[in-house]
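# Structural characterization, general
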Amino acid sequence: WTYDGTLSMVEADEGDGWLVEWSPANIHPALGEGEHLARTREVPERAPILDSAGQPLSVGRPARIIGLEPRAVTDLNLVKAAFQQQLGIDPAAIDEALNAPGVQPDHFVTITTVDRARYDQVAPVIYPLPGTRFRDTFLRGGPTPEFAAHLLGSFGEITAERRDELGEPYRVGDMVGLSGLEGRFETDLAGTPSSSIQVIGADDAVVEEVHRFEGRAPQPLRTTIDPAVQAAVEAALGTTTQPTAVVVVDSKSNVRAVAARPIGEFNRAVGGEYPPGSTFKVVTTAALLGQGVTPDTPVECAQTTNAGGRQFRNFERSSLGVVPFGLAFAQSCNTAFITAAAEVPDADLVAAADSFGFNTTYTIGLDTAGGSFPAPADATEHAAATIGQGRVTASPLHMATVAGTVIDGTWEPPVLLPDLPTEAPPAPTTLAAGTSDTLMGLMRRVVAEGSGTRAAVPGVDIAGKTGTAEFGTGDPPPTHAWFIGIRGDLAVAVLVEGGGVGGQVAAPIAGSILAGLPG
């Protein structure tokens, strides 16, 4: 870029996202002896992710980038083993990073970025290993590494793969969103750098700014998350590493909290699809109420029942005999539901599911799964569907909206980003008059006297429904533990993958969350 008296064209670096040609006359009437052109790059301050009150959800925390210098590594297998044990990093990921295109023996190859507190824990093992290298940085996120981690996403030094995704004007060394909202809305939160072309004199002083390229200002991202509700969820989950998902919504389906464990895996809370098991009986009950069933209607809770040639049974082969429907609901009797719903037309079951948002497509701005209720193909599928098995699936996010529907009788698609434009969002659906009141009373009985008593909290009005959803193979097959619950204007869904019995495993978690909610 130095003018030597013969320059006829200057070409700006494509690596900064712009390409422009200038003649000397366009740049400056005359570049004096020793003068040269220089380029500036001004990266704007990243915009925050905001909570429902407009306050920043993310804070900056000191962190360390942990990397490797290939030529200094003396025992790669030892490094891989230590990184896997201390940091949970797959050895294949280390091979991929070291063998990425362009990596040179003397490069700093980023492997991971961790909080300073986490670094201090692993440093005694990691730091002494030959070839390990470290850089100070900062991480964006909640007040703790776990706080809404899947939702907010990770933030760190750009990877080669991420740079390929984002394109110009990103450079090696830039700090970017890597996952979650930070990743999905990177270009909105980061904006784009501004640049200028300057004439620099022989004394390195700026003689003139020839041209300026204005970048795009960063834009904050507003969410519906309530930090107090999120904190209650995080406190209830604690340090568990079992695959778990929690979503809290209000009666209008505004998402107030989202959490998933383990942290390093996919966001099963909003993107997972699972059989909902007996939590779906809330939907089936709405269909039964439309057929004239009441909480006092006698139903038979036998040990087993046959539907289309398949035997269905209750949990632990229990039976109650002939009992009021309200008791069968409270105790989550499979056979009573299958028998009572046997004559409900498939179309009415589908309509009931649709009224709770099943078979509806929506997104909250991240990879989102809703609920699916295919029309049963035969009597066996009809029976399985009434208890949330067969081909019925739902995400924890969707089941939270099912519970939220009971609060006011209207299902609405969940909302996380209220300013996110959507094309033709799904229309709300309204339950038949009186249905939500009856469902609320039945769900209170579940917690007071039925299968969900472990969700009960003294002095707190909690309604809910347990679920123990079979999946896979085996005799008996493994089960997911579910609980959906309501307190006031808030509804929660808890899923523990492969956790066993909903009333024993998911219900206590839900009770802890609901007890810890503000107000």
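Refer to the structure printed above.
Now for a quick tour of the structure.

Conventions adopted
- Residues numbered from 1 in each chain as written.
- Predicted model: local features only at pLDDT ≥ 70, side-chain atom pairs only at ≥ 80, totals over all residues.
- Heavy atoms only, no water.
- Core = buried A, V, L, I, M, F, W, Y, C linked by side-chain atoms within 4.5 Å.
- Buried < 20%, exposed > 50% of the residue type's maximum accessible area, 1.4 Å probe, protein only.
- Helix = DSSP H or I, 4+ residues; strand = E, 2+ residues; numbered from the N terminus.
- Contact = heavy atoms within 4.5 Å.
- Pairing = 2+ DSSP bridges.
- Axes fitted to C-alpha atoms, helices over the stretch in contact; angles between N-to-C directions.
- Salt bridge = Lys/Arg side-chain N within 4 Å of Asp/Glu carboxyl O.
- Phe/Tyr/Trp six-rings, centres within 6.5 Å; stacked < 30°, edge-to-face > 60°.

## Some thoughts on the nonpolar core
Generally speaking, a soluble globular protein has its nonpolar side chains buried in company with each other. Judged by nonpolar contacts, the single largest core of 81 residues is most densely connected at Leu181, Val282, Phe356, Phe358 and Phe373. The element contributing the most residues to this core is helix α16 (residues 396-408), with 6 residues. For Leu181, the contacting residues outside a window of four places in its chain are Ile49, Leu151, Leu152, Gly153, Glu186, Leu189, Leu221, Thr223, Leu366, Leu416 and Leu417. Grouped together as the second largest cluster of nonpolar side chains are 24 residues, Ala232, Val233, Val246 and Phe483 included.

## Focus on α16
Of all 13 residues that make up α16, 11 are buried, and the element is covered over most of its length. Two residues or fewer after α16 comes Gly409, characterised by a positive phi angle close to 85°.

## Here's the deal with the sheet that holds strand β14 (residues 255-261)
As summarised here, the arrangement of the 5 strands in space is β14-β13-β25-β24-β23, forming an open sheet in which the pairing is antiparallel. Only two strands of the sheet have a single partner each, and these edge strands are β14 and β23 (463-470). The mean inter-strand angle of the sheet, taken between neighbouring strand axes irrespective of direction, is 10°. Sheet strands in contact with helix α17 (residues 435-449) are β23 and β24 (479-487), and its direction is about 70° off that of β23.

## Quick notes on the pattern of salt bridges
Oppositely charged side chains can form a pair if their charged atoms are brought close together. The final tally for this structure, using the stated rule, is 24 salt bridges. For the salt bridge of Arg41 with Asp174, the shortest nitrogen-to-oxygen distance reads 3.2 Å. Placement of the pair is Arg41 in strand β3 (residues 36-42) and Asp174 in the loop between α6 (160-166) and β9 (175-177), with a sequence separation of 133 residues. Between Glu265 and Arg268 there is a salt bridge whose closest N-O contact spans 3.1 Å. Given a relative accessible area of 39%, Glu265 falls into the partly exposed group. Look at the salt bridges and you will find they share partners, linking Arg46, Arg140, Glu182 and Glu186 into a network.

## Some words on the pairing of strand β17 (residues 310-313)
Note: strand β16 (residues 304-307) against β17, 4 bridges, orientation antiparallel. Counted as the bridge partner of Asn306 is Gln311 from β17. Hairpin remark: β16 followed by β17, antiparallel, with 2 residues in the connecting loop; positive phi at Gly308, about 65°.

## What to know about the sheet that holds strand β6 (residues 109-115)
Pairing is antiparallel in the open sheet, where 3 strands are placed in the order β6-β5-β7. Strand pairing shows two members of the sheet lacking a second neighbour, β6 and β7 (132-141), which therefore form its edges. Between one strand axis and the next, the sheet turns by 30° as a mean value, whatever way the strands run. Inspection of the sheet shows strand β5 (residues 59-68) paired to β7 by 10 bridges, in the antiparallel sense. What sits directly across from Ile65, in β7, is Arg135. The sheet contacts of helix α2 (residues 76-87) involve β5, β6 and β7, and relative to β5 the element is tilted by about 160°.

## A closer look at unusual backbone geometry
Note: most residues except glycine have negative phi, and most peptide bonds are trans. Residues Arg261 and Pro262 are joined by a peptide bond in cis, for which omega reads -5°. The topology assignment puts Pro262 in the loop between β14 and α10 (268-271). Omega for the peptide link from Asp475 to Pro476 comes to 0°, which places this bond in the cis form. With respect to the secondary-structure elements, Pro476 resides in the loop between β23 and β24. With a phi close to 55°, Ser332 is a non-glycine residue in the positive phi region. Note on placement: Ser332 falls in the loop between α12 (325-330) and α13 (334-340). Ser332 gets classed as buried once you look at its relative accessible area, which sits at 14%.

## Looking at the environment of Thr137
As for its placement among the helices and strands, Thr137 is situated in strand β7. By relative accessible area, which is 16% here, Thr137 ends up buried. Residue contacts for Thr137: discarding those within four places in its chain leaves Arg61, Pro62, Ala63, Arg64, Ile65, Thr113 and Met175.

## A closer look at helix α14 (residues 346-355)
For α14, the full list of buried residues reads Leu349, Val350, Ala352, Ala353 and Ser355. Contacts from the buried residues of α14 go to α11 (281-290), α15 (379-386), β21 (410-411) and β22 (429-430). Positive phi appears at Gly357, one or two residues downstream of α14, with a value of about 85°.

## Points about the packing of aromatic side chains
Taken as a whole and assessed by the stated rule, the structure comprises 8 aromatic pairs. Seen in terms of ring centroids, Phe325 and Phe329 are 6.5 Å apart; in terms of plane orientation they differ by 55°. Their pairing is tilted. You can see Phe325 and its partner Phe329 sitting in helix α12, 4 residues apart, about one turn around the helix. On the basis of an interplanar angle of 50° and a centroid distance of 5.2 Å, the ring pair of Phe325 and Phe337 is categorised as tilted. Of the two residues, Phe325 is situated in helix α12 and Phe337 in helix α13; the sequence distance between them amounts to 12 residues. The class of Phe325 is buried, set by a relative accessible area of 1%.

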